[in-house]
Structure formats: structure tokens, C-alpha cells
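The residues making up each chain are set out below.
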Amino acid sequence: NSGTRGDPTRESGRWDALFALLRRLDADIEAFYERRGVPGMRSRFALPMIRLAHDGPLTIRDLAASLDRTHSAVSQTVAAMRAAGFVETVPGPDARTRLVDLTERGRGLVPLLEAEWRATEAAVAELDEEGGIPLSRIVADLTATVAARPMSERLDAHLVEPG
């Protein structure tokens, strides 16, 4: 197909393996929830649900700020959690405001979520120790490197203008 010739996305990227690993880890965490009888639970739900248990109910804006995520990303996650029956939106203090709160089902899952969170942190520490070069060290080094010279500057340096 002539449309695929020269398509740079068809070449293997340096980060493909990292993204594949992250997807595998998420799938493994979701399998953990399935085995514990919590169908529909996604790994990305744990953090906002735990935060809501401790600080909620919250507006999507406040929840997003609390999680250091974008409003759009948290809005999508809240919609998925609502569809799964873990959260609900309720009227806020004024007619324009809606608050996100845990449902009874969601609140009942918080002890498991917190236990899984701690177990995941312990398992990640174990992986860090067993894996040779600790991923946490690599991430810290890359963070410092990007802080010194942002990705946008690196893109400008490598960009070959089309045409």
C-alpha cells in the first residue's frame, strides 16, 4: 500500500517496549481485581477512588488538581467509574456545580484499593531491586535531563521540515 510507505509510526520506536510493559502491568493489576471479584475495576480508578474516600466529594476540577491530572482526563475517568458503578455525581453547593462522590459499592472497595496500592508499591520496589538498573533511578535521571533541556527544544533540534 503506497499510503504506508514512509509512515514513521510503522517503525519500531525506542519507547514501544516501555509502553508495552506498562500496559502489561496494568492488565496484571486488573486481573488481580477480577480474581477478587471486582469486575470492571481498572487500575487507573484506584487513585481517584482513594482520594475521594479521603477528601471527597469533589468537583472534577478539584479532583483533577488533587491528582495532578488534566480536567479532560479526570472527566473521562469519572465517566468510566460512574458507568462501572463506583462513583456518582451529585448536586454541588450551587446550580452550576456537580460533585463526584463514591457510591456505596465504591466506598466498600476502598480498603482493597488501599491494600492493592501498598502491595503494588512493594512489588514495584521488588522489581526495581531485581531488574538490574532500577527503573526509579532511570526515571529520576531522565526527569533531570529533560528539566535541563526540555523535549520541545530537542524536537526543534531534530525536526526536518516537510516539503
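See the structure shown above.
Residues numbered from 1 in each chain as written. Predicted model: local features only at pLDDT ≥ 70, side-chain atom pairs only at ≥ 80, totals over all residues. Heavy atoms only, no water.

Draft legend 1. Structural context of the layout of surface pockets. Size it by volume and the largest pocket reaches roughly 1,000 Å³. Forming the walls of the largest pocket are 27 residues, and the residues nearest its centre are Leu25, Ile29, Thr120, Val124 and Leu127. Counting only elements with at least two residues in the lining of the largest pocket, the list comes to helix H1 (16-35), helix H2 (43-55), helix H5 (104-130) and helix H6 (135-148). In terms of residue count, H1 provides more of the lining of the largest pocket than any other element does, 10 residues in total. Looking at side-chain class alone, the lining of the largest pocket contains 16 nonpolar, four polar and seven charged residues. Forming the walls of the second largest pocket are Ser43, Arg44, Leu47, Pro48, Leu67, Arg69, Ala73, Val74, Thr77 and Trp117. (1 Å grid on protein atoms, 1.4 Å probe; cavity = no way out; pocket = protein on both sides within 12 Å on 5 of 7 lines; lining within 4 Å. Points joined across faces, edges and corners; volume = space filled by probe spheres on them. Helix = DSSP H or I, 4+ residues; strand = E, 2+ residues; numbered from the N terminus. Nonpolar A, V, L, I, M, F, W, Y, C, P; charged D, E, K, R; others polar.)

Draft legend 2. Structural detail: the pattern of salt bridges. The final tally for this structure, using the stated rule, is three salt bridges. Across the salt bridge formed by Asp7 and Arg10, the nearest N and O atoms sit 3.5 Å from each other. Between Asp101 and Arg107 there is a salt bridge, and its shortest N-O distance comes to 3.3 Å. Of the residues examined, Asp101 reaches a relative accessible area of 17% and is grouped as buried. Among the residues examined, Arg107 registers a relative accessible area of 38% and is labelled partly exposed. (Salt bridge = Lys/Arg side-chain N within 4 Å of Asp/Glu carboxyl O. Buried < 20%, exposed > 50% of the residue type's maximum accessible area, 1.4 Å probe, protein only.)

Draft legend 3. A look at the side chain of Asp101. Mapped onto the secondary structure, Asp101 falls in strand S2 (residues 98-102). For Asp101, the side chain forms a polar contact with the side chain of Arg107, separated by 3.3 Å. Setting aside residues no more than four positions away along its own chain, Asp101 makes contact with Pro57, Phe86, Val87, Glu88 and Arg107. (Polar contact = N/O pair within 3.5 Å; in protein donor to acceptor, adjacent residues only side chain to side chain. Contact = heavy atoms within 4.5 Å.)

Draft legend 4. Representation of the side chain of Thr59 in the model. Within the secondary structure layout, Thr59 lies in the loop between H2 and helix H3 (60-67). Note on Thr59: relative accessible area 16%, which makes it buried. A distance of 2.9 Å separates a polar atom in the side chain of Thr59 from the backbone nitrogen of Asp62.

Draft legend 5. A look at the packing of aromatic side chains. For the structure shown, the criterion picks out two aromatic pairs. Each ring, one from Phe32 and one from Tyr33, has its centre 5.3 Å from the other, and the planes form 75 degrees; the classification is edge-to-face. A residue is classified by how much of its surface remains accessible, and Tyr33, at 0% relative accessible area, is buried. With 6.0 Å between their ring centres and 65 degrees between their planes, Phe45 and Phe86 make a pair best called edge-to-face. Residue Phe45 is found in helix H2, and its partner Phe86 is found in the loop between helix H4 (71-83) and strand S1 (87-91); the two are separated by 41 residues along the sequence. Accessibility assignment for this pair places Phe45 and Phe86 in one class, buried. (Phe/Tyr/Trp six-rings, centres within 6.5 Å; stacked < 30°, edge-to-face > 60°.)

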